[in-house]
Amino acid sequence: ARTPPARIALRGPALSLKADPFALPAGDCLDHIEDALIVIEDGVIAAIGPYADLAPGLSPEIDLIDHRTGLIVPGFIDAHVHYPQLQMIGAYGTQLLEWLDAYTFPAEMSFADAAHAERVAGLFLRELLRAGTTTAMVYCTVHPHSVDAFFAESERFNTRMIAGKVLMDRNAPAPLLDTAQRGFEESAALIARWHRRGRQLYCVTPRFAPTSTEAQLDAAGALLHEANGLFLQTHLCENPGEVEWVRELFPARASYLDVYAAAGLVGPRSMFGHAVHVHEGDFCTCHQAGAGLAHCPTSNLFLGSGLFRLFEAVDPRRPVRVGLGTDVGGGTSLSQLQSLNEAYKVAALTGHKLNAVQGLYLATLGGARALHLDDRLGRLAPGYEADIVVLDPKATPLLGFRTDYCNSIEELVFVLMTLGDDRAVRATYVAGAPVYDRDRTGERFRY
Ligand code: GUN
Ligand code: ZN
């Protein structure tokens with residue numbers, strides 16, 4: 001793992017959330033400091049406040065980085081993404097079930113080659129950091145070495161990542177199948193190797209109900225008891241044809257979500273991708289269980305899956321924890337700014353307005369809450385892990401011109417959400433270490 005510099009400080013405008021803007025007025029949720037100093041020690045934010053207040057106490061030895069022309073925000077969190085699907089992102093012409101057969105399973109079969117997995121894991125991690133994403137909940141493939149490749153790369157960057165081996169014991173090509181027993185044993189070994197090693201966290205990963213037998217879903221439930229703090233990820237109610245298939249495969253279950261509940265898979269740190277075609281009862285179940293839903297707007301639009309009812313999900317009467325997922329390769333961008341661009345349009349099509357503060361929340365503190373990691377991720381505040389992104393409001397000629405006409409910080413963030421992407425990420429810090437610098441200006445940056 002990279003050792004972060006002992007002490008580093010960032011200066012510039014800083015913006016993060018301290019409360020839920022789906023429950024409270026935006027103004028009550030923002031922490032905005034126009035000229036902030038963020039002091040980082042041992043990978044954690046030691047102090048944050050107005051530069052004028054904190055600068056006098058600063059040691060002359062500290063590595064002070066000037067980001068006064070940027071906007072400093074918490075690193076983005078991607079609640080749902082598939083690293084092995086980078087090679088087929090943007091594949092033409094199909095909806096979910098056909099898309100899996102035509103593009104996804106063939107791509108994942110190429111991960112039988114461990115060297116291929118290592119190459120793609122390296123590219124994926126770098127692309128995440130270029131997009132300003134510092135934590136992601138990641139599907140690997142059925143091959144255990146695809147998980148080793150991913151965590152080894154994450155450990156090199158010291159990123160806090162959540163990932164796991166896909167479990168599939170039916171309805172997929174034979175080279176991608178395990179069995180309930182083998183999937184259990186391979187997952188248990190990966191948990192022993194990687195869970196809570198440095199910043200890495202393991203996620204039990206049954207792909208979705210159609211590709212697992214009841215025996216395998218039960219084994220996934222048993223795996224969750226192998227260690228403390230394990231995560232679970234799977235897909236839920238993404239596409240009408242898929243929902244119908246699950247009804248046929250599990251006739252005894254009251255709903256798609258109930259298939260997972262019956263196996264003990266619906267609890268805190270469970271993350272269900274998509275949830276486009278769920279009902280009020282499912283929202284209630286997730287609320288009570290503390291389970292999360294991943295809103296994946298670029299994917300739901302690209303695959304024609306439907307419109308996630310975000311504002312219904314987060315209804316303050318029984319709020320469900322919602323994170324923002326890119327779902328690459330079903331999704332079309334690793335940039336959470338682009339996810340928010342599409343999330344705004346999905347909200348508009350369902351009769352709602354997603355404001356900039358709500359958008360920033362989904363990509364940061366809201367995602368951390370959905371993952372039950374909000375005691376350490378998603379904010380710029382003392383004690384929080386120093387995963388930090390510096391956005392550039394002048395990243396492109398159009399952004400440079402447009403942002404001259406922004407009259408508030410909310411307007412600026414909204415324009416960055418709409419027009420921004422990886423080009424708008426100037427620098428990324430992981431546990432206080434400078435890892436990415438778009439302009440390659442500082443020698444201190446590693447990538
Ligand atoms: N459902 C089952 N597997 C997948 C996948 O890889 N991507 C998406 N978007 N949905 C799925
Ligand atoms: Zn997915």
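Everything quoted here is computed from the prediction, not taken from an experiment.

Q: Before we move on, can you summarise the overall build of the chain with the specific residues and values?
A: Helices and strands together make up the secondary structure of the chain, namely 16 helices and 17 strands. Taken over the C-alpha trace, the chain has a radius of gyration of 21 Å; the compact-globule value for 447 residues is 22 Å, and the two agree within 12%. With the C-alpha coordinates of the chain rotated into their principal frame, the extents come out at 65 × 45 × 40 Å. Evaluated residue by residue, the chain yields a buried proportion of 56% over its 447 residues. In the chain, 74% of the contacts between residues at least 6 apart in sequence involve partners at least 24 apart.

Q: I'd like to hear about the site of ligand 1, residue by residue, with values.
A: In the vicinity of ligand 1, the contacting residues are His-82, Leu-96, Leu-100, Thr-104, Arg-207, Phe-208, His-235, Glu-238, Ser-299, Asp-327 and Gly-330. Of the residues assigned to the shell around ligand 1, the class counts are 3 nonpolar, 5 polar and 3 charged.

Q: Can you tell me about helix α9 (residues 280-289), naming the residues and giving the values?
A: Residues Asp-282, Phe-283 and Cys-286 constitute the buried set of α9. The arc that holds every buried residue of α9, seen down its axis, measures 100°, which confines them to one face. Turned more than 90 degrees from where α9 packs its buried face, Glu-280, Gly-281 and Gln-288 sit exposed. The inward-facing, buried residues of α9 abut α8 (256-262), β13 (292-295) and α11 (310-313). Just downstream of α9 lies Gly-290, where phi reads positive at about 75°.

Q: With reference to specific residues and values, describe the UniProt feature "domain: Amidohydrolase-related" (unreviewed entry) in the chain.
A: Residues annotated by UniProt as "domain: Amidohydrolase-related" (unreviewed entry) correspond here to residues 72-432. With 42% helix and 16% strand, residues 72-432 has end C-alpha atoms that lie 13 Å from one another.

Q: Can you break down the domain arrangement of the chain residue by residue, with the values?
A: Along its sequence, the chain is carved into domain 1 (7-75 + 378-437) and domain 2 (76-334). Domain 1 and domain 2 are separated by 30 Å when their C-alpha centres are compared. Counting from both sides, the interface comprises 16 residues of domain 1 and, opposite them, 17 residues of domain 2. Mapped onto the side of domain 1 that touches domain 2, the elements with two or more residues apiece are β16 (425-430) and β17 (433-437).

Q: Describe the packing of helix α3 (residues 114-130) against helix α4 (residues 144-157), and please don't skip the residues or the numbers.
A: It is the contact of α3 with α4, at a shortest axis distance of 8 Å, that shows an interaxial angle of 40°. The orientation of α3 with respect to α4, classified from their angle, is oblique. In this structure, α3 meets α4 at a crossing whose hand is right-handed. Of the residues in α4, those in contact with Ala-114, Ala-117, Glu-118, Ala-121, Gly-122, Leu-125 and Leu-129 of α3 are His-145, Ser-146, Ala-149, Phe-150, Glu-153, Ser-154 and Phe-157. Residues that form the contact of α3 with α4 fall into these classes: 8 nonpolar, 4 polar and 2 charged.

Q: Please set out unusual backbone geometry residue by residue, giving values where relevant.
A: Apart from glycine, the bulk of residues carry a negative phi angle, and the bulk of peptide bonds sit in the trans form. With an omega of 5°, the peptide bond running from Val-328 to Gly-329 counts as cis. Checked against the element boundaries, Gly-329 lands in the loop between β14 (321-324) and α12 (336-349). The phi dihedral of Asp-42 is positive, around 50°, even though this residue is not glycine. Position of Asp-42 among the secondary structure elements: in the loop between β2 (30-41) and β3 (44-50). Residue Asn-158 is not a glycine yet carries a positive backbone phi of 60°. Secondary-structure assignment places Asn-158 in the loop between α4 and β8 (162-164).

Q: Residues and numbers for the nonpolar core, please.
A: Among the nonpolar cores identified, the biggest contains 143 residues, and Ile-38, Ile-72 and Val-138 are the most heavily contacted of them. If one sorts the elements of this core by residue count, α3 sits on top with 7 residues. Mapped onto the domain boundaries, this core takes at least three residues apiece from domain 1 (7-75 + 378-437) and domain 2 (76-334). In contact with Ile-38, other than residues within four places in its own chain, are Ala-9, Leu-10, Ala-14, Ile-45, Ile-48, Ile-72 and Leu-380. In terms of nonpolar packing, the next biggest core, distinct from the first, is built from 6 residues, Trp-99, Leu-100, Tyr-103 and Phe-302 among them.

Q: Explain the environment of Thr-134 to me, and be specific about the residues and the numbers.
A: Tracing the backbone through its elements, the reader meets Thr-134 in strand β7 (residues 133-139). A count of 29 C-beta atoms within 10 Å places Thr-134 in the buried class. Linking Thr-134 and Met-161, residues 27 residues apart in sequence, is a C-alpha distance of 7.9 Å. Leave out the neighbours within four places in its chain, and Thr-134 touches Gly-75, Phe-76, Thr-159, Asp-387, Thr-428 and Val-430.

Q: Now, about the packing of α12 against helix α16 (residues 409-419): what can you tell me, with residues and values included?
A: The description of two packed helices rests on the angle between their axes and on the distance between the axes. α16 packs onto α12 with a crossing angle of 95° between their chain directions and a minimal axis gap of 6 Å. Taken together, α12 and α16 sit at an angle that is classed as roughly perpendicular. Of α16, the residues touching α12 (which contributes Leu-337, Leu-340, Asn-341 and Tyr-344) are Leu-416, Met-417 and Thr-418.

Q: Tell me about the pairing of strand β10 (residues 201-206), residues and numbers included.
A: For β10, the buried fraction is high: 6 of the 6 residues fall into the buried class. Side chains Leu-201, Cys-203 and Thr-205 project from β10 onto one buried face, and the interleaved Tyr-202, Val-204 and Pro-206 project onto a second face that is buried too. Strand direction decides the pairing type here: β8 and β10, joined by 2 bridges, are parallel. Counterpart to Ile-162 in the pairing with β10 is Leu-201. Pairing geometry for strand β9 (residues 166-167) and β10, over 2 bridges, is parallel. Bridged to Val-166 within β10 is Thr-205. At this point the chain moves from β9, through helix α5 (residues 180-194), to the parallel β10, and the crossover so formed is right-handed. Where β10 and strand β11 (residues 231-236) come together, 2 bridges link them in parallel fashion. When the sheet's bridge partners are listed, Cys-203 is paired in β11 with Phe-231. In this view, the connection linking β10 to its parallel neighbour β11 by way of helix α6 (residues 214-223) has right-handed handedness.

Rules used in this analysis
- Residues numbered from 1 in each chain as written.
- Chains lettered and ligands numbered in written order.
- Predicted model: local features only at pLDDT ≥ 70, side-chain atom pairs only at ≥ 80, totals over all residues.
- Helix = DSSP H or I, 4+ residues; strand = E, 2+ residues; numbered from the N terminus.
- Rg over C-alpha atoms; globule rule 2.2 N^0.38 Å.
- Buried ≥ 20, exposed ≤ 12 C-beta atoms within 10 Å, placed from the backbone.
- Contact = placed C-beta atoms within 7 Å.
- Near = placed C-beta within 6 Å.
- Nonpolar A, V, L, I, M, F, W, Y, C, P; charged D, E, K, R; others polar.
- Arc of directions from axis to C-beta.
- UniProt positions renumbered as here; feature names shortened; annotations may be inferred.
- Domains from an automatic or database assignment.
- Axes fitted to C-alpha atoms, helices over the stretch in contact; angles between N-to-C directions.
- Parallel < 35°, antiparallel > 145°, perpendicular 65-115°, else oblique.
- Left-handed = near helix turned anticlockwise from the far one by under 90°.
- Core = buried A, V, L, I, M, F, W, Y, C linked by C-beta atoms within 7 Å.
- Pairing = 2+ DSSP bridges.
- Right-handed = clockwise from strand over helix to strand, strands pointing away.

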